[in-house]
Structure formats: structure tokens, C-alpha cells
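# Coordinate analysis (summary)
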Amino acid sequence: MTVFPSDLKLSAVTPVNAVDWAAIPSPAFVLDESRLRRNLELISYVQRESGAQIIVAFKGFSMWSAFPTLREYGITGATASSLNEAILAREEMGGEVHVYAPAYSDEDFPRILELADHLVFNSFSQWARFRPQVEAARAAGRTVHVGIRVNPEYAEVETDLYNPAGPFSRLGVTRREFRMDLMDGVDGLHFHTLCEKDSDTLERTLEVLERNFGDVLSQVKWVNFGGGHLMTREGYDIPRLIRVVRAFRERWGVHVILEPGSAFGWQTGWLVSSVLDVVHNVKDALLLDISVSAHMPDVLEMPYRPRILGAGDPPELDHHRETTEGAGGHPYIIGGTTCLAGDVVGEYVFDRALEIGDRVVFDDMIHYTMVKTTFFNGVKHPDIGILHLDGSYERVKTFGYEEFRAKLS
């Protein structure tokens, strides 16, 4: 169980068995407002008790129709990694706009500079290149906080694809390459080495950061701890996070920023799909009205195995999971509707035979999912909807030919 402080009271969420899945048009990404608000209650508590500023990372959660709800809980900014995300942050989120990208182009940088309150450079060469524009903006009265991303060369990320501090990483400046002579005009540091990790990993990471960059920390005003702080996951040690952040702030006299993405959208909704056909080739396969490659790319990239409501694992996979809830005698290979042969989630076992039109609901499909979808093969893109506290369903966005055509020429 999550380690909750005694003074933290979280509101109840909508029971899954109370949702009328058949009433939701398929396919659709469905955000559950009750689950989002529960996450925000916890995030707001951490922000208040730790003294850190928590902003939302758009690369993990950028469902802008939910931004008004985030603002209700004191989330006053966002972090962007591109010009488009920076525009979205300014126009839809409001508050502070923090920008970091591995590299800025000459074409995009002037507009990014107009939008950004915090601007982090991945290298000293980029800082030197764009420093004249930053200094000109400051001379004109703009307050622009500038940071350098550092690479502590320490990480506990098991998947190489998501390890920012792996061997030969292009992300951040190592101690060997750090330029103290170019720190004039820089008032902050940024690091990002976590990926859905607990606060004990953060604590160990900070020990390495302080050992390698202590002389730099003594000169800056703020430190951005990046993302990957999965504080809304069951089992996360929240008191430790608060304790670690407080101690760091007091030790170095700096403002601390956290920019999680997954923590906002964690376990807040589903991808609702329906069965288009059942085919048989030694085994039965369900063809759904969604695509794994286009709508759940992390399943193929990471890879990982999503949970399907009411389904369990086949016997050979049971030992990999804590539960086989819903496992019965009806196994199916779950596949998408593109022409890609590998557009397959895997095999699942249902407690009843499924038919054309039945709903298949994938759990935890809001964070790092909508932000990665594509229009590959021109297949129908899922709607985006919100299940509100009163049980009503709002269809926020539908996608059609015009959106598909707009990506082409």
C-alpha cells in the first residue's frame, strides 16, 4: 500500500463496475475525473508539505481539457520540450512555462524565448549560441531563468530506451564536460534520471548529484529534479519524498522543482475498444477497433503488457503477475486493426466467450498514451472523453479524415 501520512485524506473514486462501458462510443480514451482529482489531491499535498513547486510534464500528460482541474489544485505551470508544447503551455495551461529540449533550432528559439519563463539548455554550446538572445531579452525587462541540464551518470532505470543517464547519453552535461567558466547568467540546474521510480531512488540520485556537482549547487538559485517521480503509484513512499526534498532545499538554500508526467495521469482512465471480428488460426484472435502500434505504442516500444479489465493471463504467464483476476477458460490473442503483422498486444484469458460488438477495456491508458498516438494506416483514432463525477460522459474530441489529412501533404 502507498505510505500515506495520517493527515492526508483522499476522496473516493468511481468503481470500475459502475461504469456503463457499452454507453461509451468506441474506441475512446476515457479520463475518469474522480481518479484525476484523487491524484491531484496527493500531488497538491506533496507540493504543500515539501515546499517544492510541482509542474506537469506535457510529454507524459497533455490532455488540455483537464488543465482547469489541475489549476484548481495549485498546479501553476508546465514543462515543454518543443515549441508546440510551449505554445500549448502558454495558451491552455497558463502559469509558468518551463522549456527543456535536447537542442533548439535557430528557427524555433526566438519564439520559445518569448514563451519561456524557465529555459534549460542541454549543453554549454547551446547556451553559448543562444546567450546573446537571452541577454537581450533580459535587458529589455524580461525575467528569464536559465538552467543547464546535468547528467549525474547515475540511474536505476531498467529499460535502456528510457534511461537518460545510460552510457554515452546525449542528455545533459557530465562533470567531465562541465564549464564553470560559462556559468555567468545561469541560475539553475536541471537533471532527469528517473523513470516511474520511488523516492528512495531519488534520495540515492541526489547523493551522487551532490557529490559530483556540490560546487555548482552552492552557486545556483533553483534545481529542477525532472520527472519520473511516480508519487501516485501504490506503494510509493510519500513521507520520504517530502523529507528528501525539504532536506535538499534547506541544505543548499535553493528552490526545488518537480515535473512529473505519469504521476498526474497514473491509473486515471482507460482505452475502450470493441470487437470487430473473431478469427481462428490454431488459436482464437480478437480484432479490435484500435491499434496497438498507433494507439498504444509503448506496448511495442518498451515493451510492457497492459491490463485488460475482466481478463487474466494464460497459465504460462501467471507467475509474472500478482493476480489473474477474471482468468477463465476463454483465451484470445488480442490484435489491432492495422496491416502491421505485429499489431498485437498478446494473449489474454476471459471468463466468457466474446462476440462482435463486445467491449474490451484497457486499464491505465491516459499517461504516455494519448501523447504518442499516430494516424498510422489511417485507422480510426479513438475519441477523447471525460467521465465526470456525476457519472455523465463528455465526448471532448473526435477525430476524422481532416486530422488524418492534416498530417500529410
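Residues numbered from 1 in each chain as written. Predicted model: local features only at pLDDT ≥ 70, side-chain atom pairs only at ≥ 80, totals over all residues. Heavy atoms only, no water.

- If you look the chain up in an unreviewed UniProt entry, it shows as Carboxynorspermidine decarboxylase from Deinococcus actinosclerus.
- In its Cofactor (unreviewed entry) section, the UniProt entry covering the chain states "pyridoxal 5'-phosphate". (UniProt positions renumbered as here; feature names shortened; annotations may be inferred.)

### A word on the overall build of the chain
- Looking only at helices and strands, the chain features 11 helices and 18 strands.
- A globule of 409 residues ought to have a C-alpha radius of gyration of about 22 Å, and the chain, at 23 Å, matches this closely.
- By principal-axis analysis of the C-alpha atoms, the chain measures approximately 70 × 55 × 45 Å.
- Going through the 409 residues of the chain one by one, you find that 53% of them count as buried.
- For the chain, the exposed surface amounts to about 18200 Å²; the carbon and sulfur share of it is 51%. (Helix = DSSP H or I, 4+ residues; strand = E, 2+ residues; numbered from the N terminus. Rg over C-alpha atoms; globule rule 2.2 N^0.38 Å. Buried < 20%, exposed > 50% of the residue type's maximum accessible area, 1.4 Å probe, protein only. Areas by Shrake-Rupley, 256 points an atom, 1.4 Å probe, with all protein chains shown as cover.)

### Some points on the packing of aromatic side chains
- Across all of its chains, the model carries 15 aromatic pairs by this definition.
- With a centroid separation of 5.2 Å and 5° between ring planes, the pair formed by Phe58 and Phe67 is classed as stacked.
- Judged by relative accessible area, which is 1%, Phe58 ranks as buried.
- Look at Tyr401 and Phe404: their rings are 6.5 Å apart centre to centre, the planes differ by 50°, and that puts the pair in the tilted class. Linking Tyr401 with Phe404, this pair stays in helix α11 (residues 401-406), spanning 3 residues, or about one helical turn. (Phe/Tyr/Trp six-rings, centres within 6.5 Å; stacked < 30°, edge-to-face > 60°.)

### Describing the layout of surface pockets
- Here the second largest pocket is characterised by a volume of approximately 690 Å³.
- Ser62, Trp64, Leu88, Met370 and Ile384 are, among the 23 residues lining the second largest pocket, the residues nearest its centre.
- When contributions to the lining of the second largest pocket are tallied by element, the ones reaching two or more residues are α3 (83-93) and β18 (393-397).
- Sort the elements by how many residues they give to the lining of the second largest pocket and α3 lands first, with 5 residues.
- Partitioned by chemical class, the residues of the lining of the second largest pocket number 12 nonpolar, 7 polar and 4 charged. (1 Å grid on protein atoms, 1.4 Å probe; cavity = no way out; pocket = protein on both sides within 12 Å on 5 of 7 lines; lining within 4 Å. Points joined across faces, edges and corners; volume = space filled by probe spheres on them. Nonpolar A, V, L, I, M, F, W, Y, C, P; charged D, E, K, R; others polar.)

### Section: the pattern of salt bridges
- Applying the stated criterion to the full structure yields 27 salt bridges.
- With a closest N to O distance of 2.6 Å, Asp181 and Arg179 form a salt bridge. (Salt bridge = Lys/Arg side-chain N within 4 Å of Asp/Glu carboxyl O.)

### Concerning the packing of helix α6 (residues 199-217) against helix α7 (residues 238-252)
- Where α6 contacts α7, the two axes come as close as 10 Å, and the packing angle between them is 10°. One element, α6, and the other, α7, form an angle in the roughly parallel class. Note on element contacts: α7 touches α6 through Arg240, Leu241, Val244, Phe248, Arg251 and Trp252, opposite Ser199, Asp200, Leu202, Glu203, Leu206, Leu209, Glu210, Gly214 and Leu217.
- The residue inventory of the contact of α6 with α7, partitioned by class, reads 8 nonpolar, 2 polar and 5 charged. (Axes fitted to C-alpha atoms, helices over the stretch in contact; angles between N-to-C directions. Parallel < 35°, antiparallel > 145°, perpendicular 65-115°, else oblique. Contact = heavy atoms within 4.5 Å.)

### A few points about the side chain of Glu259
- Take Glu259: it is sitting in the loop between β10 (255-258) and α8 (262-265).
- Only 3.1 Å separates the side chain of Glu259 from the side chain of Thr79, close enough to count as a polar contact.
- What Glu259 contacts, discounting residues up to four positions off in sequence, is Ile55, Ala57, Thr79, His190, Asn224, Gly226 and Gly227. (Polar contact = N/O pair within 3.5 Å; in protein donor to acceptor, adjacent residues only side chain to side chain.)

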